[in-house]
Amino acid sequence: MKWINNGSYRGAVCCGALLLTGLSLGAADKTEMLEQGRYVAVMMGCNDCHTPNYLMREGDVPEKLWLTGSAFGWRGPWGTTYPTNLRNRLSQMTEDKWVAFAKNLKARPPMPWFNLNQMKEKDLRAFYRYVRHLGAAGEEAPAYVPPSAEPQPPYATFPPPPPAQ
């Protein structure tokens, strides 16, 4: 190491240390973002509908099945809707497209789209990264069934909403 003078060597070591610190901070940021996305999925109740049997098993469903959609229908005056497979859906979107989609979504009940519209962008981005981290998986949910058609069980029936006051 004769060709490296003492100052150059110290500079190289400092640069290397800074680079490694930056890499570990990047990994910490990624882990924190994924944890935030997981938290959003749980606290916003996404799994309640979008994960098979999550509600009935009080959340005791392996994470590998989370957000894969469900064949359990929600029937009401709007027809019968089924929870989308979010893992497959988000695997087909960019992060920016997801944020715009979530901010402008209007959907049939029981999807609380009005809550999704109000989510902070950083939470939407964390959720997206978490779902993408899980990877595409599972089958697509059944298609929407209009009110005039009888859906295949299982499904829950909602009463008509009360009159507006």
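Residues numbered from 1 in each chain as written. Predicted model: local features only at pLDDT ≥ 70, side-chain atom pairs only at ≥ 80, totals over all residues. Heavy atoms only, no water.

A.B. asks: Before we go on, may I ask you to explain the confidence of the model for the chain in this structure?
C.D. replies: If pLDDT is low for a region, its predicted coordinates should not be looked at in detail. Per-residue confidence for the chain gives a mean pLDDT of 88; residues scoring 70 or more make up 84%. Scored below 50 in pLDDT, residues 11–21 makes zero contacts in the model with residues more than four places away or belonging to other chains. (pLDDT = per-residue confidence, 0-100. Contact = heavy atoms within 4.5 Å.)

A.B. asks: Looking at this structure, how should I read the pattern of salt bridges?
C.D. replies: Pairing between side chains becomes possible if they bear opposite charge and their charged atoms approach one another. Within the structure shown, the criterion is met by six salt bridges. The salt bridge involving Asp96 is made with Arg125; its shortest N-O contact spans 2.8 Å. Taken as a pair, Asp96 in helix H4 (residues 95–104) and Arg125 in helix H6 (residues 121–134) lie far apart in primary sequence, 29 residues in all. For Asp96, a relative accessible area of 53% corresponds to the exposed category. (Salt bridge = Lys/Arg side-chain N within 4 Å of Asp/Glu carboxyl O. Helix = DSSP H or I, 4+ residues; strand = E, 2+ residues; numbered from the N terminus. Buried < 20%, exposed > 50% of the residue type's maximum accessible area, 1.4 Å probe, protein only.)

A.B. asks: I'm lost on a nonpolar patch on the surface in this one. Help?
C.D. replies: Taken together, the side chains of Tyr39, Val42 and Met43 define a hydrophobic patch exposed on the protein surface, amounting to about 300 Å² of accessible area. Here Met43 is to be found in helix H1 (residues 6–43). (Patch = residues over 30% accessible without salt bridge, like charges linked within 9 Å, V, L, I, M, F, W, Y side chains within 5 Å. Areas by Shrake-Rupley, 256 points an atom, 1.4 Å probe, with all protein chains shown as cover.)

A.B. asks: When you look at H6 in this model, what are you seeing that I'm missing?
C.D. replies: Within an α-helix, residues lying three or four positions from one another point in the same direction, as the helix has 3.6 residues per turn. Compared with an ideal rise of 1.5 Å per residue, which puts 14 residues at 20 Å, H6 spans 20 Å between its outermost C-alpha atoms and is within 8% of the ideal. Within the sequence span of H6, burial applies to Asp123, Leu124, Arg125, Ala126, Phe127, Tyr128, Tyr130 and Val131. Looking at the residues trailing H6, positive phi occurs at Gly135, about 90 degrees. (Expected span 1.5 Å × (residues − 1).)

A.B. asks: Before we go on, may I ask you to explain the pairing of strand E1 (residues 73–76) in this structure?
C.D. replies: In regular strands, side chains alternate between the two faces of the sheet. Side chains of E1 alternate between two faces, with Gly73 and Arg75 and Trp74 and Gly76 buried alike. Inspection of the sheet shows E1 paired to strand E3 (residues 155–157) by three bridges, in the parallel sense. Following the sheet pairing, Trp74 is matched in E3 by Ala156. Judged from the three bridges that link them, E1 and strand E2 (residues 79–81) form a sheet pairing that is antiparallel. Across the sheet, the residue bridging to Gly76 is Gly79, located in E2. Hairpin connection between E1 and E2: a loop of two residues separates the two successive antiparallel strands. (Pairing = 2+ DSSP bridges.)

A.B. asks: Before we go on, may I ask you to explain the packing of aromatic side chains in this structure?
C.D. replies: Each aromatic ring pair is specified by the distance between its two centres and by the angle formed by the two planes. Taken as a whole and assessed by the stated rule, the structure comprises seven aromatic pairs. Ring centres of Phe72 and Trp74 lie 5.1 Å apart, and the angle between their planes is 70 degrees; on these two criteria the pair is classed as edge-to-face. Residue class for Phe72 comes out partly exposed when judged on its relative accessible area of 29%. For Trp74, a relative accessible area of 15% gives the class buried. A network of ring pairs unites the aromatic residues Phe72, Trp74, Trp78 and Phe158 as a single cluster. (Phe/Tyr/Trp six-rings, centres within 6.5 Å; stacked < 30°, edge-to-face > 60°.)

A.B. asks: What should I look at first to understand the nonpolar core in this one?
C.D. replies: Where a protein is soluble and globular, its nonpolar side chains tend to be buried together. Formed by 21 residues in total, the largest nonpolar core has its most connected members in Leu67, Leu90, Trp98, Leu116, Leu124 and Phe127. Contributions of two or more residues to this core are made by H1, helix H3 (86–91), H4 and H6. Of the residues forming this core, the biggest block, five residues, is contributed by H6. Leu90 has contacts with Trp98, Phe127, Tyr128, Val131 and Arg132, leaving out every residue within four places of it along the chain. (Core = buried A, V, L, I, M, F, W, Y, C linked by side-chain atoms within 4.5 Å.)

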